[in-house]
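Commentary on secondary and tertiary structure
These are the residues of each chain, in order.
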Amino acid sequence: MDTPTKPNQTAVPPQRSRRSKVVGSVIAVAAMAGLGGLAWYLTHQPPSTGAPGAPGAGGPGPGGPGGPGGPGGGRRGGPATTVGVATAEKADIPVTLEALGTVTAAATTTVRPQVSGILQQVLFKEGQMVKAGQVLAQIDPRQFEMALLQASGQRQRDEAQLENAKLTLNRYRTLLGQDSIARQDVDTQAALVKQLEGTVMTDRAQEGTAKLNLGYTKVIAPITGRVGLRVVDIGNLVGSGDANGLAVITQLSPIDVEFSIPQDSVPMVMQQANDGAQMPAIALDRTRTNALDNGKFSAMDNQVDVQTGTVKAKARFANAKSALFPSQFVNVRLELRTIKDAVMVPVTAVRHGANGDFVYVLKADKTVTIRPVTRGQATVDKVQIASGLQLGEQVITEGGDRLKEGAKVTLPGEGKGRRDGAAGGAGGEHAGGWKGKRDGSAGEAAPAAPASPAASAASAPASAAGAASAPAEGERRHHRKEQGAAQQ
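Residues numbered from 1 in each chain as written. Predicted model: local features only at pLDDT ≥ 70, side-chain atom pairs only at ≥ 80, totals over all residues. Heavy atoms only, no water.

**Digging into the overall build of the protein chain**
A tally of regular secondary structure across the protein chain gives 6 helices and 23 strands. Per-residue burial for the protein chain yields a buried fraction of 31% across its 488 residues. Sequence separation of at least 24 residues holds for 72% of the intrachain contacts in the protein chain that already meet a minimum separation of 6. (Helix = DSSP H or I, 4+ residues; strand = E, 2+ residues; numbered from the N terminus. Buried < 20%, exposed > 50% of the residue type's maximum accessible area, 1.4 Å probe, protein only. Contact = heavy atoms within 4.5 Å.)

Okay, here's the thing in structure tokens:
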């Protein structure tokens, strides 16, 4: 028996489904119309005159005085360029010569004994400062004392023989006056006296040599300086033929620094030396920051090195603080002369063009003009203007790459005041303020612009669309549930 099928009571009438689709289409059209009206309003909004960054305002926009199209630009019709300036000053500039030098000792001596013998004592310490005449070592003196005694005895014996020969010669001369002796005997005795005199002189020389050898057993420092490391110990047999000697003494005060002078600077140095001028020299460390000692020019070589094109020179330093050490590399700054009352400007102010060196001179109307100049001597940060510039004139040091003849410029302090004054408007918090946004929007204290009727009309459909979207969504969910039940 067939069970009768109940009709589906949850089915949605076709008219209701079509009504929901129509309502959704109307809402979508209204939303699109509202968005179009809002876009039209934003694109056709009139520019605000109170915003500092808006186009056409007094700020740095394209239409303002500081913009590319505004008046008073750095170029003719362009923006004014902010530059740095400096004033030409008067100063005394030294003419110096920089070179790399090597410290050399004024005197270096290898101490060697002058006689051979056994080393008994060493009377110095390694690295000690010694003075000329100071005893450094002692050699065994006994053999030299014996040699001195022998030389003295020989001298005394020969002197006694000489005295006896002189007395005999006097007797012979007396007898010759009495005609009691032959003249030949007198002449022979006189020759013997002279022979003995020569012998005594030789004995005295030998005695003196023995005394010197005995004195040489004490090794003496020939110069004042610092003793190096000891190379011989006590008990060794030393002599004058030893290559290394006993020690090496290096004179440290005064001390010399050898450096090279370019051949182009040799005439200037020679002129100062021939005029008797004292050329001060400064020895600097390898970083050129610390001055080790002050000295003066001493001498210069007599020929040019063909490989380097330089001439060797020497400067002497007192080295009272022992800051200079032999074979040390230093930087030498030799002051040749001093230029009095030179016109000086920063190095960055001088530029080079097709016609030579020039500077930008700032005039009273805040414009610049090109001035050809002649460059002179230079220091680390300043350069001398030999001609073309007067004392007190202002030159451009920064920002000159964007300048031309007659360009309008602003100084750093003046540029800020100009921007502040241009930014002030009706919408600003105070006159000359920078409260506006960077994108050209109005200031924070500016009143909000009233909404136009088109914007109000566009916002109303959008609200209606939002309100009507909720029931339409509910009807769609209910319709999906009813279709699922019917399928079951």
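**Structural notes on the sheet that holds strand E4 (residues 108-111)**
If you trace the 4 strands from one edge of the open sheet to the other, you get E4-E11-E9-E6, paired in antiparallel fashion. Only two strands of the sheet have a single partner each, and these edge strands are E4 and strand E6 (129-130). (Pairing = 2+ DSSP bridges.)

**Quick notes on the nonpolar core**
Ranked by internal contacts, the top residues of the largest apolar core, which has 23 residues, are Val 257, Phe 259, Ile 261, Phe 297, Phe 317, Leu 324 and Leu 334. Broken down by secondary-structure element, the contributors of at least two residues to this core are strand E3 (89-105), strand E12 (255-262), helix H4 (266-274), strand E13 (280-284), strand E15 (310-317) and strand E16 (329-346). Apart from the residues lying within four places of it in its own chain, the contact partners of Phe 297 are Phe 259, Ile 261, Val 269, Met 279, Ala 313, Lys 314, Ala 315 and Leu 334. (Core = buried A, V, L, I, M, F, W, Y, C linked by side-chain atoms within 4.5 Å.)

**Observations regarding the packing of aromatic side chains**
What characterises a pair of aromatic rings is the spacing of the ring centres plus the angle enclosed by the ring planes. Taken as a whole, this structure holds 1 aromatic pair when the rule is applied. An angle of 90° between the planes, with centres 5.6 Å apart, marks the rings of Phe 358 and Tyr 360 as edge-to-face. What makes Phe 358 buried here is its relative accessible area of 15%. (Phe/Tyr/Trp six-rings, centres within 6.5 Å; stacked < 30°, edge-to-face > 60°.)

**A word on the sheet that holds strand E8 (residues 218-220)**
Spatially, E8-E7-E5-E10 is the arrangement adopted by the 4 strands of the open sheet, whose pairing is antiparallel. Edge positions in the open sheet fall to E8 and strand E10 (237-238), since each of these has one partner strand only.

**Observations concerning the packing of helix H2 (residues 142-177) against helix H3 (residues 183-216)**
The geometry of H2 relative to H3 is characterised by a closest axis approach of 8 Å and an angle of 160° between their N-to-C directions. Classified by the angle between their axes, H2 and H3 sit roughly antiparallel to one another. Considering the relative orientation of H2 and H3, their crossing is left-handed. Of the residues belonging to the contact of H2 with H3, the class tally is 17 nonpolar, 8 polar and 13 charged. (Axes fitted to C-alpha atoms, helices over the stretch in contact; angles between N-to-C directions. Parallel < 35°, antiparallel > 145°, perpendicular 65-115°, else oblique. Left-handed = near helix turned anticlockwise from the far one by under 90°. Nonpolar A, V, L, I, M, F, W, Y, C, P; charged D, E, K, R; others polar.)

**Here we look at the confidence of the model for the protein chain**
In this model, the protein chain carries an average pLDDT of 78, and 74% of its residues clear a pLDDT of 70 or more. No element of the protein chain has a lower mean pLDDT than helix H6 (residues 453-487), at 43, and none a higher one than strand E7 (residues 135-139), at 95. Taken as a whole, residues 47-76 scores under 50 in pLDDT and shows 59 contacts with residues more than four places along the chain or in a different chain. In this model residues 483-488 is a low-confidence stretch, pLDDT under 50, and it forms 2 contacts with partners more than four residues away in sequence or in other chains. (pLDDT = per-residue confidence, 0-100.)

**Side note on the pattern of salt bridges**
Enumeration according to the criterion identifies 16 salt bridges in this entry. When the shortest N-O distance is used, the salt bridge between Asp 140 and Arg 142 registers 3.0 Å. Residue classification places Arg 142 among the exposed residues on the basis of a relative accessible area of 56%. Glu 159 is the salt-bridge partner of Arg 155, the closest N and O atoms lying 3.1 Å from each other. Here Glu 159 and Arg 155 lie together in helix H2, a separation of 4 residues that amounts to about one turn. The class of Arg 155 is buried, set by a relative accessible area of 16%. Within this structure, Arg 155, Glu 159, Arg 204 and Glu 207 form a network of salt bridges that share partners. (Salt bridge = Lys/Arg side-chain N within 4 Å of Asp/Glu carboxyl O.)

**What to know about H3**
Helix length check: H3 (34 residues) gives 50 Å between terminal C-alpha atoms against 50 Å at 1.5 Å per residue, within 8%. Taken together, the buried positions of H3 are occupied by Val 186, Gln 189, Val 193, Leu 196, Val 200, Asp 203, Glu 207 and Ala 210. Elements that come into contact with the buried residues of H3 comprise H2. (Expected span 1.5 Å × (residues − 1).)

**Quick look at the environment of Asp 187**
The residue Asp 187 is located in helix H3 in this model. Placed 14 residues apart in sequence, Asp 187 and Arg 173 show a C-alpha to C-alpha distance of 9.4 Å.

**Some words on the side chain of Thr 367**
One can find Thr 367 in the loop between strand E18 (356-362) and strand E19 (368-372). Here Thr 367 falls in the buried class, since its relative accessible area comes to 11%. A distance of 2.6 Å separates a polar atom in the side chain of Thr 367 from a polar atom in the side chain of Asp 365. Contact partners of Thr 367, with chain neighbours within four places excluded, come to Val 361, Leu 362, Gly 406, Ala 407 and Lys 408. (Polar contact = N/O pair within 3.5 Å; in protein donor to acceptor, adjacent residues only side chain to side chain.)

**Some words on the pairing of strand E14 (residues 291-300)**
Sheet topology note: the E13/E14 ladder contains 5 bridges and is antiparallel. Residue pairing for E14: Ile 282 is matched across the bridge by Asn 294. Counting the residues in the hairpin turn of E13 and E14 gives 6 residues, including Arg 288, whose phi is positive at 60°. As paired strands, E14 and E15 are joined by 5 bridges and run antiparallel to one another. Each residue of the ladder has a partner; that of Phe 297, found in E15, is Ala 315.

**Considering the environment of Ala 283**
Along the chain, Ala 283 falls in strand E13. For the pair Ala 283 and Val 103, spaced 180 residues apart in the sequence, the C-alpha separation amounts to 9.6 Å. Those residues in contact with Ala 283 that sit more than four places away from it in its chain are Asn 290, Ala 291, Leu 292, Asp 293, Phe 317, Leu 324 and Asn 331.

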